[in-house]
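# Coordinate inspection notes
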Amino acid sequence: GIVRRAAITAAVVGTILNLIAQGDFLVRGEALNWWKIALTYCVPYCVATYGAVSARIEQYRRSDWQ
């Protein structure tokens, strides 16, 4: 579940951020920076995954203590 949700989040957020950051290049037909495109998808994926895993670990710790 975590990987799937993180991938969906990365697809949506990464697309929006890429359009904001490189939309003018797309409109003018100029070359795109593929490294920036890849990183713009990787960052939200990592953030979503980290958040979900951290929440699960915290939930596990709380249930283990009670």
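See the structure shown above.
Position labels on residues start from 1 in each chain and follow its written sequence. Reporting of local features is limited, given that this is a predicted model, to residues whose pLDDT is at least 70; pairs of side-chain atoms are given and counted only at 80 or more, and all residues count toward the totals for whole chains, interfaces and linings. For side-chain calculations, the full set of non-hydrogen atoms in the structure is used, while hydrogens and water are omitted.

### Considerations on the overall build of the protein chain
Regarding its fold elements, the protein chain presents two helices and zero strands. The atom set for the radius of gyration is the C-alpha atoms, and the globule formula is 2.2 Å times the number of residues raised to the power 0.38. Relative to the compact-globule value of 11 Å for 66 residues, the protein chain shows a C-alpha radius of gyration of 17 Å, a clear excess of over 25%. The C-alpha extent of the protein chain, read off along each of the three principal axes, is 60 × 15 × 15 Å. Every one of the 66 residues in the protein chain was classed for burial, and the buried ones make up 17%. Looking at the protein chain alone, contacts between residues at least 24 apart form 61% of all its contacts between residues at least 6 apart. Counted charges follow a simple rule, with Lys and Arg positive, Asp and Glu negative, and His plus the chain ends left uncounted. In this description, the location of a charge corresponds to atom NZ of lysine, CZ of arginine, CG of aspartate or CD of glutamate. Charge separation in the protein chain, taken as the distance between the mean sites of 7 positive and 4 negative side-chain charges, equals 6 Å. Comment: elements are numbered from the N terminus, with helices defined as DSSP H or I runs of at least four residues and strands as E runs of at least two. Each residue is placed in one exposure class: buried if its accessible area under a 1.4 Å probe, protein chains only, is under 20% of its type's maximum, exposed if it is over 50%, and partly exposed if it falls in between. The criterion used for residue contact is that any of the two residues' heavy atoms lie within 4.5 Å.

### Comments concerning the pattern of salt bridges
The salt bridge criterion pairs a side-chain nitrogen of Lys or Arg with a carboxyl oxygen of Asp or Glu, the two atoms within 4 Å. Summed over all chains, the structure comprises three salt bridges. The shortest N-O distance in the salt bridge between E30 and R28 comes to 2.7 Å. R62 is the partner of E58 in a salt bridge, and the nearest nitrogen-oxygen pair spans 3.1 Å. A residue pair is termed a helical-turn pair when its members lie 3 or 4 positions apart in one helix, as E58 and R62 do in helix α2 (residues 34–65) at four residues. E58 gets classed as partly exposed once you look at its relative accessible area, which sits at 35%. The exposure class of R62 is exposed, given its relative accessible area of 55%. Ionic contacts of the salt-bridge type, sharing partners, join the residues D24, R28 and E30 into one network.

### Some points on the packing of aromatic side chains
What counts as a ring pair is set by centres within 6.5 Å for rings of Phe, Tyr and Trp (its six-membered ring), and what kind of pair is set by the plane angle: stacked under 30 degrees, edge-to-face over 60, tilted for all other angles. In total, this model carries zero aromatic pairs according to the counting rule given. By the criterion adopted, a ring carries a charge over it if an Arg CZ or a Lys NZ lies within 6 Å of its centre and within 35 degrees of its normal. A cation over a ring is seen here: R28 above F25, with NZ or CZ 5.5 Å from the ring centre.

### Things to note about the environment of V47
In this structure, V47 sits in helix α2. The spatial distance from the C-alpha of V47 to the C-alpha of R62 is 22 Å, given a sequence separation of 15 residues.

### With respect to the environment of E30
Note that E30 resides in the loop between α1 (2–28) and α2. On the basis of relative accessible area, E30 is assigned to the partly exposed category, the value being 37%. For the purposes of these results, a polar contact is taken to be a pair of N or O atoms within 3.5 Å, where, inside protein, one atom must be able to donate a hydrogen and its partner to accept one; residues adjacent in sequence count only when each atom of the pair is a side-chain atom. A distance of 2.7 Å separates polar atoms of two side chains, one belonging to E30 and the other to R28.

### Some points on α1
With 27 residues, α1 should reach 39 Å at 1.5 Å per residue; the first-to-last C-alpha distance of 37 Å fits that figure. Working definition for bend: take the seven residues up to and ending at a residue and the seven starting at it, fit an axis to each, and measure the angle between the axes. A bend of about 70° at Q22 is the largest found in α1. When α1 is considered as a whole, its buried residues turn out to be I2, A6, A10, G14, N18, Q22 and G23. Just downstream of α1 lies G29, where phi reads positive at about 75°. Multiplying 1.5 Å by the helix residue count minus one yields the expected span of that helix.

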